[in-house]
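# Observations on the three-dimensional arrangement
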Amino acid sequence: MYRKAPRIARILTCAVAAPALLVVAGCSSDSGSGSGADGGKKDSGAAQEQQKKPSAPPTVAPAKFASLPDACKALKKDTVEDLVPKADKAEGTADESSNPQTRRGCSWGGLDDKGVKGSQYHYLTYSLQLFESNQALGSGEKRATEYVSKQVNKVQGKEGAKDVRANPAEGIGDQASTVGYGAREAGTDFNHAVVVTRTGNVVVTLDYNGAGYAGTKAPDPADLLKGAQKAAQEVVASIAAANKQ
C-alpha cells in the first residue's frame with residue numbers, strides 16, 4: 001500500500017500533464033505547417049504570375065538623321081566645275097526615287113574637249129541612303145553599317161572590273177572605304193574611284209570616273225581618288241547641315 005502510493009501519484013501527474021503537452025505540441029505543429037504551406041503556395045503563385053508577364057522588348061536607339069539634303073545641291077558649284085569640266089548640266093541630274101525621304105542621288109557628266117590635245121570625259125555620281133531605326137531590324141546606324149559592307153563588296157565584285165584596289169579611308173564620315181578599278185566600257189577604257197562612307201544612319205556611295213578620247217589617256221587614278229574623297233566630304237557635311245547638326 002505504501003509502496004504503490006508514490007507510483008500512483010506519479011502516474012496521475014503524468015496523465016494530467018500529457019494532454020497539455022499534446023495540446024501545445026499540436027498547436028505548434030499546426031501553426032508551423034500551415035504557415036509554411038500557405039507561404040509556399042503564395043510564393044509559387046507569385047513566381048508563376050511573374051513568368052506569365054511578357055518581358056519588354058529591348059529599346060532601339062533613335063536614328064541620328066531624319067532627312068536627306070537635296071542631292072544635287074550637296075556639292076559646291078566650284079567643286080562640280082573642278083571635277084566635271086564642261087558639265088552638260090551644271091545643276092546636275094537628280095535620280096528618280098520612289099521614296100525620296102530615304103533615297104536620293106545626283107550625277108554630272110561632261111566632255112572637256114582640248115582640240116588637238118585630245119579630250120577627257122568625267123562623270124560624277126552618288127547616292128544617299130537613309131536608314132531609319134526599326135524595332136525588328138535594329139537601329140538606323142546598325143543597318144547603315146551593314147549596308148556599307150554590302151556596297152563595298154558590290155563594287156569590288158563588279159563585272160569587268162580590273163586592277164581592283166580597296167582600302168579603308170579616314171576623315172570621311174564615321175567610316176569609309178575607297179575602291180579603285182579600271183573597266184572597259186563601250187570600247188573605251190575608264191578609271192573609277194569609288195567612296196563608300198557612312199555618317200550616322202546615312203550611307204553615301206560616290207563614283208567619280210573618267211575616260212580619254214582622241215589619243216588622250218583616261219584620268220589618272222590618283223587624281224580621281226583625290227577628287228572623289230573631296231566630294232564625299234562635302235556631301236557628308238551637307239547631310240549634317242540639312243539636319244541642323
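Below, the structure is looked at part by part. (Residues numbered from 1 in each chain as written. Predicted model: local features only at pLDDT ≥ 70, side-chain atom pairs only at ≥ 80, totals over all residues. Heavy atoms only, no water.)

Let us now look at helix H4 (residues 221-242). When the terminal C-alpha atoms of H4 are compared, their 31 Å separation across 22 residues agrees well with the 32 Å that a helix rising 1.5 Å per residue should span. Taken as a whole, H4 has its buried residues at Leu224, Gly227, Ala228, Ala231, Ala232, Glu234, Val235, Val236, Ser238, Ile239 and Ala240. Against the buried residues of H4 lie helix H2 (77-83), strand E3 (119-130), strand E6 (188-199) and strand E7 (202-213). Here H4 starts with a cap whose side-chain oxygen sits 3.0 Å from the backbone nitrogen of Ala222, and that cap is Asp220. Just downstream of H4, Lys244 is the residue with a positive phi angle, here 55°. (Helix = DSSP H or I, 4+ residues; strand = E, 2+ residues; numbered from the N terminus. Expected span 1.5 Å × (residues − 1). Buried < 20%, exposed > 50% of the residue type's maximum accessible area, 1.4 Å probe, protein only. Contact = heavy atoms within 4.5 Å. Polar contact = N/O pair within 3.5 Å; in protein donor to acceptor, adjacent residues only side chain to side chain.)

Next up on the list: the state of the cysteines. One pass over the structure, following the stated rule, counts one disulfide. Disulfide pairing places Cys72 opposite Cys106 at an S-S distance of 2.0 Å. Across the S-S bond linking Cys72 and Cys106, the dihedral sits near 100°, which makes this disulfide right-handed. On the criterion of sequence distance, the pair formed by Cys72 in the loop between helix H1 (4-52) and H2 and Cys106 in strand E2 (residues 103-113) is long-range, its members being 34 residues apart. Considered together, Cys72 and Cys106 belong to a single accessibility category, that of buried residues. (Disulfide = S-S within 2.5 Å.)

Moving on, we come to the side chain of Thr79. Mapping Thr79 onto the fold places it in helix H2. Given a relative accessible area of 3%, Thr79 falls into the buried group. What Thr79 contacts, discounting residues up to four positions off in sequence, is Lys230 and Glu234.

Approximately 370 Å³ is the volume found for the largest pocket. Together, 18 residues line the largest pocket, and Thr125, Ser127, Gln151, Thr205 and Asp207 are the ones closest to its centre. Of all the secondary-structure elements, those providing two or more residues to the lining of the largest pocket are E3, helix H3 (140-156), E6 and E7. Here the residues of the lining of the largest pocket sort into seven nonpolar, six polar and five charged. Of the volumes computed, that of the second largest pocket is approximately 230 Å³. Those elements giving two or more residues to the lining of the second largest pocket turn out to be H2 and H4. Per-element tally for the lining of the second largest pocket: the top contributor is H4, with five residues. Within the lining of the second largest pocket, the residues separate by chemical class into five nonpolar, two polar and five charged. (1 Å grid on protein atoms, 1.4 Å probe; cavity = no way out; pocket = protein on both sides within 12 Å on 5 of 7 lines; lining within 4 Å. Points joined across faces, edges and corners; volume = space filled by probe spheres on them. Nonpolar A, V, L, I, M, F, W, Y, C, P; charged D, E, K, R; others polar.)

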